[in-house]
Amino acid sequence: MRRLIAKRAVLYQSHLYAVGDELPVGDPRMIRAWVDAKSAYWKDDENKLERPVVAEAVKATLATAEPGLAGSSPDSETADNLVGKVPETPARATGGKAHGKKNVQAGSGK
């Protein structure tokens with residue numbers, strides 16, 4: 001007997017089918033759509049166990065401008081001049097002491 005198996009998560013008629021779940025075969029249009037989109041595949045019970053192909057995760061990339069308002073920033077540490085944005089400077093990246101401030105311990109009063 002042939003079964004339709006989900007390769008990726010499928011939401012159909014308010015039910016979420018996970019990877020590897022058997023999908024309903026009552027709607028021929030949906031069967032064609034799932035198979036054409038490679039979201040499901042047919043599996044015969046006589047054959048060996050087939051493993052579904054799971055899509056790999058993709059890391060998102062920034063698609064918009066960096067946050068901040070363009071304008072004149074009098075105390076800017078970089079040439080970007082974005083108001084409201086913390087500048088990316090070598091001192092901030094390494095966690096070093098900025099502007100020569102000393103590390104004062106709490107309660108020492110110095």
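Residues numbered from 1 in each chain as written. Predicted model: local features only at pLDDT ≥ 70, side-chain atom pairs only at ≥ 80, totals over all residues. Heavy atoms only, no water.

Bringing the overall build of the chain into the picture now. The helix and strand inventory of the chain stands at 2 helices and 6 strands. Each helix and strand of the chain, ordered N terminal to C terminal, gives the series β-β-β-α-β-β-β-α. Within the chain, the fraction of its 110 residues that count as buried is 15%. Considering only residue pairs separated by 6 or more positions, the chain has 35% of its internal contacts joining residues 24 or more positions apart. (Helix = DSSP H or I, 4+ residues; strand = E, 2+ residues; numbered from the N terminus. Buried < 20%, exposed > 50% of the residue type's maximum accessible area, 1.4 Å probe, protein only. Contact = heavy atoms within 4.5 Å.)

Moving on, we get to the nonpolar core. Among the nonpolar cores identified, the biggest contains 9 residues, and these are Leu4, Ala6, Val10, Tyr12, Tyr17, Leu23, Ile31, Trp34 and Ala40. Put simply, the parts of the chain that give this core at least two residues each are β1 (2-6), β2 (10-12) and α1 (28-36). (Core = buried A, V, L, I, M, F, W, Y, C linked by side-chain atoms within 4.5 Å.)

Further remarks concern the pattern of salt bridges. Should their charged atoms come close, side chains of opposite charge can pair. With the rule as written, the count across this model stands at 1 salt bridge. A salt bridge links arginine 3 to glutamate 22; the shortest N-O distance between them is 3.7 Å. Here glutamate 22 lies in the loop between β3 (15-17) and α1 and arginine 3 lies in strand β1, a separation of 19 residues in the sequence. Here glutamate 22 falls in the partly exposed class, since its relative accessible area comes to 41%. (Salt bridge = Lys/Arg side-chain N within 4 Å of Asp/Glu carboxyl O.)

A positive phi angle, near 60°, is found at serine 14, a position not held by glycine. One non-glycine residue, lysine 38, lies in the positive phi region at around 60°.

Any functional reading would require information that these geometric values do not contain.
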